[in-house]
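Descriptive structure summary
Chain by chain, the residues:
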Amino acid sequence: MKPLGHNHDGYHGETIDIQRVLAATDRAAERHGWERTALGRQGEFELRVLRRLARAGSPRLYLSTGIHGDEPAGPLAALRLLEDNDWPANVTVCLLPCLNPVGFTLNRREHTSGLDLNRDYRQPVTAEIRAHTAWLEREAAFDLCLCLHEDWEAHGFYLYELNPDRRLSVAGQMVEAAAQVCPIDLHEVIEGRAAQGGIILPKIVPADRPDWPEAFYLIQHCTRLSYTLEAPSDLPLPTRVAALVAATKVAVHYLAELKP
Ligand SMILES: [Zn+2]
């Protein structure tokens, strides 16, 4: 599978009509009995939280995407996951299908203010991330958090693992699942960080980072195991969606087996 060669100084690939994608997402969620609430608003958009409740004591999954408005594969993957409805019975899921819908109307990574929302989690200044962190504070801890992204510079799929307690990792299985549909970025350095087999294990020293991404907030306050999945934007959109969906499904089934 060859890169399309579209992206030189940013993302120039396919775009999505986020209003339509979110409407389809809502329909799929409703069809399968998910609960929908809002954690806040962004312009004309509601920042949705979709929730699938399993019985009390079930493992809890957090899944978010769409924080970067030039990464359409994430919201499409969220929609596909809802439509497939292939969730283990014993997993509670909180799905945030799009954290920056206005960004998608502009095909732009950042918030309208120019800020990267995924760098606003240390001391949030944007209304969206304040609302998001306020909502997270009210939630019980999650057993696993997944953040779905794309990288327009990537040569293949890769992921970041934050796993401070060295819990059983599902990174290798996620990469294997993605590899069934998409090349893996096998470079030894990705985004300036050491990588091996498409897996980056960043050092977690949040105090040293002035601009926390969502995953840093999650690992500090909400979970002890978090993955950020990155699909390569220079491959066709259906391939990127398939890679994110395949990796997510593996992680969800892993979670279901952890605490039956
Ligand atoms: Zn991103």
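Everything below is about the structure shown above.
**Some words on the overall build of the protein chain**
Along the protein chain, the regular secondary structure elements total 7 helices and 10 strands. Since a compact globule built from 260 residues should have a radius of gyration of about 18 Å, the 17 Å found for the protein chain is in line with a globular shape. Each principal axis of the C-alpha distribution contributes one length, and for the protein chain these read about 45 × 40 × 40 Å. Taking all 260 residues of the protein chain together, 59% fall into the buried category. Carbon and sulfur atoms form 49% of the exposed surface of the protein chain, whose accessible area is close to 11,400 Å². On the protein chain, the mean spot of the 27 positive side-chain charges and the mean spot of the 35 negative ones are 5 Å from each other.

**Observations regarding the sheet that holds strand β7 (residues 189-190)**
The 10 strands are arranged β1-β2-β4-β3-β5-β10-β6-β9-β8-β7 in an open sheet whose pairing can be described as mixed. At either margin of the open sheet sits one strand with a lone partner, and together these are β1 (35-42) and β7. Where strand β5 (residues 144-151) meets strand β10 (residues 226-232), 7 bridges bridge the pair, whose relative direction is parallel. In the strand pairing of β10, Cys147 is matched with Thr228. Strand contacts of helix α5 (residues 171-179): β5, β6 (158-162), β9 (199-200) and β10, with the helix running at about 165° to β6, the strand carrying the most contacts. Helix α7 (residues 237-258) rests against β3 (60-65), β5 and β10 of the sheet, and its axis sits at about 165° to β5.

**What about helix α6 (residues 214-221)?**
Of all the 8 residues making up α6, 6 are buried; the element is thus mostly covered by neighbouring parts of the structure. All of the buried residues along α6 are Glu214, Ala215, Phe216, Tyr217, Leu218 and Ile219. Contacts from the buried residues of α6 go to β3, α4 (127-138), β5, β6 and β10.

**A word on the coordination of the zinc ion**
For the zinc ion, every protein donor is listed as His68 (ND1), Glu71 (OE), Glu71 (OE) and His149 (ND1), and the spread of their distances is 2.1 to 2.3 Å. Because the angles between the 4 donor atoms bound to the zinc ion fall within 58 to 151°, the donor set is best described as irregular. Along the chain, the residues that donate to the zinc ion are spaced as H-x2-E-x77-H. Each member of the pair, His68 as well as Glu71, is classed as buried.

Conventions and cut-offs
- Residues numbered from 1 in each chain as written.
- Predicted model: local features only at pLDDT ≥ 70, side-chain atom pairs only at ≥ 80, totals over all residues.
- Heavy atoms only, no water.
- Helix = DSSP H or I, 4+ residues; strand = E, 2+ residues; numbered from the N terminus.
- Rg over C-alpha atoms; globule rule 2.2 N^0.38 Å.
- Buried < 20%, exposed > 50% of the residue type's maximum accessible area, 1.4 Å probe, protein only.
- Areas by Shrake-Rupley, 256 points an atom, 1.4 Å probe, with all protein chains shown as cover.
- Lys, Arg positive; Asp, Glu negative; His and termini not counted.
- Charge placed at Lys NZ, Arg CZ, Asp CG, Glu CD.
- Pairing = 2+ DSSP bridges.
- Contact = heavy atoms within 4.5 Å.
- Axes fitted to C-alpha atoms, helices over the stretch in contact; angles between N-to-C directions.
- Donors = N, O, S within 2.8 Å, 3.2 Å for Na, K, Ca; no water.
- Tetrahedral: all angles 85-135°; square planar, octahedral: opposite > 155°, others 65-115°.

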